[in-house]
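# Inside the fold
Residues per chain, in single letters:
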Amino acid sequence: MVAVPRRDLGRTIRLLLAFVVAAVLLGVLGAGLSVPSVAAVGRLTSAGDSGFMTLPSTFSAARLLQGSRILAADGSLIATPEDQDRRVVRLGQVAPVMRQAQVAIEDSRFYSHGAIDVKALTRALIEDLRTGTASEGASTLTQQFVKMTLQAQALATGRNAAAEAAVAKTLTRKLTELRYAAWLERTWSKNQILEGYLNLAYYGDGAYGVEAAARHYFGVPAGALTLPEAATLAGLVQSPSTTDPVHHPRQALARRNVVLDRMHDLHLVTTARWRAALRRPLAVDLHVTYPPATCTASRHPYFCSFVIRWLEEQPALGATPQARHDLLYRGGLTVRTTLDPSVEKDANGALRAVAPVGNSLGVAAAAYVTRPGTGDVLALGQDTAYGTDAGSGQTELDYAVDTAYGGSRGFQFGSTAKAFSLVTAMAQGLGLHATVDAPAAGPQQPAIFGRSQFPKPCGLYNGWKVYNDEAWGGGTMSLMEATAKSTNTAFVALASRIGVCAIHRTMTAFGMHDASGAPIGTYPPQVVLGAQQVSPQTLANAYAALAAGGVLCRTRPVTSVTQDGKVLLAPSPSCTRVADAGVVGQATRYLMFNMTHGSGILNQLAGRPSAGKTGTADGNAQSWFVGYTPQLTTAVWVGNPVNQNRRMFHVSMAGKSCTAMTGACFAAPIWRRIMSAALAGQPVATMP
């Protein structure tokens, strides 16, 4: 839209005047105009000037941009990702006093006139004839709604020139508003128009629509607004950038009182209420809050970041990641997740109790909690503050999840890999009484395995030096004992016997992959002793498949995504059997033995059986404990996220000293705290 040229100004004004005069003569405006009659407008344009009739005759109020709501499993708010802070509400959800205040200050005859307020338009036309410009004084609330809608639609699609034209003080724009307003008054009820207006109007300081504004400035829904609060909001629409009460309290107070005076003049409030409202200090009502529009403002920032990235992967929400992002930030979705805030609170508390924020060792800790048989993500724990200020210990990296979901590059998972050797051995029929010939080795003296013991394709390039954390003199040992003692040479010998490629196939079947998404390598140290970087997410899901008797489930952090009551996405658990239940049951017996006789002995769960395994990387820079019951699986990592090769021996943290940063020393106590709290009150379940 462009300004009407000066040479056409007179003709356009005459057309508008003729239209009004003709309509009045026909009795249309006097009766409350809904739309110009064909005959009346036909006579107006018979002279050849058809500008009014060539304008579009219908008006489309497109979906308003509004942020989405991400909710925890208990319905509490996690975050409101949004491009605009807006919540669309029905008119019945807006306090009557707010409706009265808005109408009083913007268009007091709104319910009695049609598309045009004759009195106001007459005054405006006289001023137009004097100045040659289109005034704003004649705009009805309907016309204002049209103007705001055209501007909002243009901005939403990046048409900046159209957005400027939608609010430009030109007669062309005024005629467009009149045409659309006439159609709206015929098609919509007055209450529908007012509802649209209240949801669309900008109320300053980033708040769009009356519901967002009420919550932002006063901490209440629009339905609970009082008279002075409603008057404050109603006064903002005319000039929201200069009268908002956060940045311009004096101007906001003055404008509020103008609205109150107008309501009193119109007999909408009694003199007593009017005077009481005028005396009320603005600061008494203000309770300014900001929605958790970003993950930084969320109480669950790491889960927030994780679930947004997960949503951007879902084809049901759009054809491209950008389309899914736009829908999430503009489409007013309601996203219900599997997050259990109480479990996450317990997880974060356990992490900070054992590995305090900013500890002298420079280590961090993270946990991933999932429900076997579902893939549900109950909690992501981390002992760091979410943010970008690395100097103060903040990080946006989520150490619990894969890189694709905002995670780090992962961490070597050490002896937690031995669970997959156990599954493979049981699948080959070794059973619960299996033995293995374990070469002698200790912390300083390695056993050396050659290429002939590990042929290609899953073979060695050179000789492999393997150390044990505890000295072993060599010879036959039971696989139960080897599991409890986590004897590396026993498991390397076992791998030589059952085949590294077979173990690798088991790991792949159980969903194991690098944190980057790449496959687990086939080199024996990667497969047998976990010399590859994975995330707690991946390891927890794999162990959850053990807890579910060999059924692996895909990660499922969301139970439903809806828009205006329509279900867009409702993912059921997506699970696949990846191993025989009997085979997994035997492997679980080995991991249960580890809890009662091995590295988990000091961190058993009171009154209920569990299974689990520690893990430690070379040099003890990374340590793990992953364990499960039939109801819950938790993976805990404690380590150095910056220097992953740092040697960590004779360490102290939170009043506890250990000879090394082992899974049993720090990660296992965290695991026990999380599991004990999360399982409290649940029945004791039989292990698979």
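Residues numbered from 1 in each chain as written. Predicted model: local features only at pLDDT ≥ 70, side-chain atom pairs only at ≥ 80, totals over all residues. Heavy atoms only, no water.

## Looking at the overall build of the protein chain
A count of helical and extended segments in the protein chain gives 25 helices and 22 strands. For the protein chain, contacts bridging at least 24 residues in sequence account for 70% of all contacts bridging at least 6. Taken as a whole, the protein chain presents about 28200 Å² of accessible surface, with 53% of it coming from carbon and sulfur. (Helix = DSSP H or I, 4+ residues; strand = E, 2+ residues; numbered from the N terminus. Contact = heavy atoms within 4.5 Å. Areas by Shrake-Rupley, 256 points an atom, 1.4 Å probe, with all protein chains shown as cover.)

## Some points on the sheet that holds strand S7 (residues 376-382)
Here we have five strands laid out as an open sheet, ordered S7-S6-S20-S19-S18, and antiparallel in their pairing. Unpaired on one side and paired on the other, S7 and strand S18 (611-616) mark the two borders of the sheet. Sheet twist, expressed as the average angle between the axes of neighbouring strands with direction ignored, equals 10°. The pairing of strand S6 (residues 364-371) with S7 spans six bridges and is antiparallel. Paired with Val369 across the strands is Ala379, a residue of S7. (Pairing = 2+ DSSP bridges. Axes fitted to C-alpha atoms, helices over the stretch in contact; angles between N-to-C directions.)

## A few points about unusual backbone geometry
Of note, the bond from Lys456 into Pro457 is cis; its omega dihedral lies within 30 degrees of zero at 15°. With respect to the element layout, Pro457 can be found in the loop between strand S10 (447-449) and strand S11 (464-466). For His267, which is not glycine, the phi torsion reads 60° and is therefore positive. Here His267 is to be found in the loop between helix H12 (249-265) and helix H13 (271-279). Look at His267 and you get exposed, because its relative accessible area is 71%. A positive phi angle, near 55°, is found at Asp564, a position not held by glycine. (Buried < 20%, exposed > 50% of the residue type's maximum accessible area, 1.4 Å probe, protein only.)

## Section: the packing of helix H18 (residues 418-427) against helix H21 (residues 500-509)
Their axes nearest at 9 Å, the elements H18 and H21 cross at an angle of 110°. Relative to H21, the element H18 is oriented roughly perpendicular. For the pair formed by H18 and H21, the contact residues are Phe420, Ser421, Val423 and Thr424 on the first element and Ala502, Ile503, Thr506 and Met507 on the second. Its residues placed into classes, the contact of H18 with H21 shows five nonpolar, three polar and no charged. (Parallel < 35°, antiparallel > 145°, perpendicular 65-115°, else oblique. Nonpolar A, V, L, I, M, F, W, Y, C, P; charged D, E, K, R; others polar.)

## Concerning a nonpolar patch on the surface
Taken together, the side chains of Val246, Val288 and Tyr290 make up a nonpolar region of the molecular surface, amounting to roughly 250 Å² of accessible area. With respect to the helices, strands and loops of the structure, Val246 is situated in the loop between helix H11 (240-243) and H12. (Patch = residues over 30% accessible without salt bridge, like charges linked within 9 Å, V, L, I, M, F, W, Y side chains within 5 Å. Salt bridge = Lys/Arg side-chain N within 4 Å of Asp/Glu carboxyl O.)

## Comments concerning the packing of aromatic side chains
Enumeration according to the criterion identifies 18 aromatic pairs in this entry. Geometrically, the ring pair formed by Tyr217 and Phe218 is tilted, given 6.3 Å between the ring centres and 55° between the ring planes. In this structure, Tyr217 and Phe218 share a single accessibility class: buried. Put simply, the rings of Phe420, Phe510, Tyr543 and Tyr628 touch in pairs and so form one group of aromatic residues. (Phe/Tyr/Trp six-rings, centres within 6.5 Å; stacked < 30°, edge-to-face > 60°.)

## Details of the environment of Ser360
Relative to the assigned elements, Ser360 resides in the loop between helix H17 (341-354) and S6. Classification of Ser360 by relative accessible area gives exposed; the value is 72%. The sequence separation of Ser360 and Ala654 amounts to 294 residues, and the corresponding C-alpha distance is 9.5 Å.

## Focus: the state of the cysteines
The final tally for this structure, using the stated rule, is four disulfides. A sulfur-sulfur separation of 2.1 Å characterises the disulfide bridge that pairs Cys295 with Cys304. Between Cys295 and Cys304, the disulfide has an S-S torsion of -75° and is therefore left-handed. Accessibility assignment for this pair places Cys295 and Cys304 in one class, buried. Between the sulfur atoms of Cys658 and its disulfide mate Cys665 the distance is 1.5 Å. Between Cys658 and Cys665, the S-S dihedral sits near 60°, and the bridge is therefore right-handed. The pair formed by Cys658 and Cys665 is uniform in burial state, with each residue classed as buried. (Disulfide = S-S within 2.5 Å.)

## Focus on the side chain of Thr80
Within the secondary structure, Thr80 is located in the loop between strand S2 (77-79) and strand S3 (85-86). Once you skip the residues sitting within four places of it in the chain, Thr80 turns out to touch Ser68, Arg69, Pro291, Pro292 and Ala293.

## A few points about the confidence of the model for the protein chain
Overall, the prediction assigns the protein chain a mean pLDDT of 88, with 86% of residues at 70 or greater. Counting contacts from residues 1-7, a segment whose pLDDT is below 50, to residues more than four positions away or on other chains yields ten contacts. Low pLDDT, under 50, characterises residues 24-54; the predicted model gives this stretch 43 contacts beyond four residues in sequence or across chains. (pLDDT = per-residue confidence, 0-100.)

## Brief notes about the pattern of salt bridges
If you walk through the whole model with that rule in mind, you get eight salt bridges. Among the ionic pairs, Arg90 bridges to Glu195, the shortest N-O distance being 3.6 Å. You can see Arg90 sitting in the loop between S3 and helix H3 (96-106) and its partner Glu195 sitting in helix H8 (residues 190-200), a full 105 residues away along the chain. Of the charged contacts, one joins Arg215 and Glu211 as a salt bridge, the two residues approaching to 2.7 Å between their closest N and O atoms. Of the two residues, Arg215 and Glu211 both sit in helix H9 (residues 210-218), four residues apart, roughly one turn of that helix. Given the relative accessible area of 5%, Glu211 is considered buried.

## Side note on the sheet that holds strand S1 (residues 69-71)
The strand order across the open sheet built from five strands is S2-S1-S5-S15-S16, with neighbouring strands paired in mixed fashion. Among the strands making up the open sheet, the edge pair consists of S2 and strand S16 (566-569). Pairwise comparison of adjacent strand axes, ignoring direction, gives a mean angle of 30° for this sheet. Along the sheet, helix H15 (residues 301-311) contacts S1, S2, strand S5 (333-337), strand S15 (558-563) and S16; its crossing angle with S15, the most-contacted strand, is approximately 65°.

## Examining the environment of Arg250
In this structure, Arg250 sits in helix H12. With 32 residues separating them along the chain, Arg250 and Leu282 place their C-alpha atoms 9.1 Å apart.

## Details of H12
The periodicity of an α-helix, 3.6 residues per turn, causes residues three or four places apart in sequence to face the same way. Counted at 1.5 Å a residue, the expected span for H12 with its 17 residues is 24 Å, and the 24 Å between its end C-alpha atoms agrees. Every buried residue belonging to H12 is among Ala252, Arg255, Arg256, Asn257, Val259, Leu260, Met263 and His264, and all of these are buried. Phi for His267, located one or two positions after H12, is positive at around 60°. (Expected span 1.5 Å × (residues − 1).)

## Some remarks on the side chain of Asp85
Turning to its location among the elements, Asp85 is positioned in strand S3. Buried charge without a salt bridge: Asp85, with Arg87 as the nearest opposite-charge side chain at an N-O distance of 5.8 Å. When near neighbours in sequence (up to four residues on either side) are disregarded, Asp85 contacts Gly206, Ala207, Tyr208, Ala212 and Pro291. (Lys, Arg positive; Asp, Glu negative; His and termini not counted.)

## Observations concerning H18
Burial of H18 is extensive: nine of the ten residues sit out of reach of the surface. Of all the residues in H18, the buried ones are Lys418, Ala419, Phe420, Ser421, Leu422, Val423, Thr424, Ala425 and Met426. With its phi angle positive at about 90°, Gly429 sits one or two positions after the end of H18.

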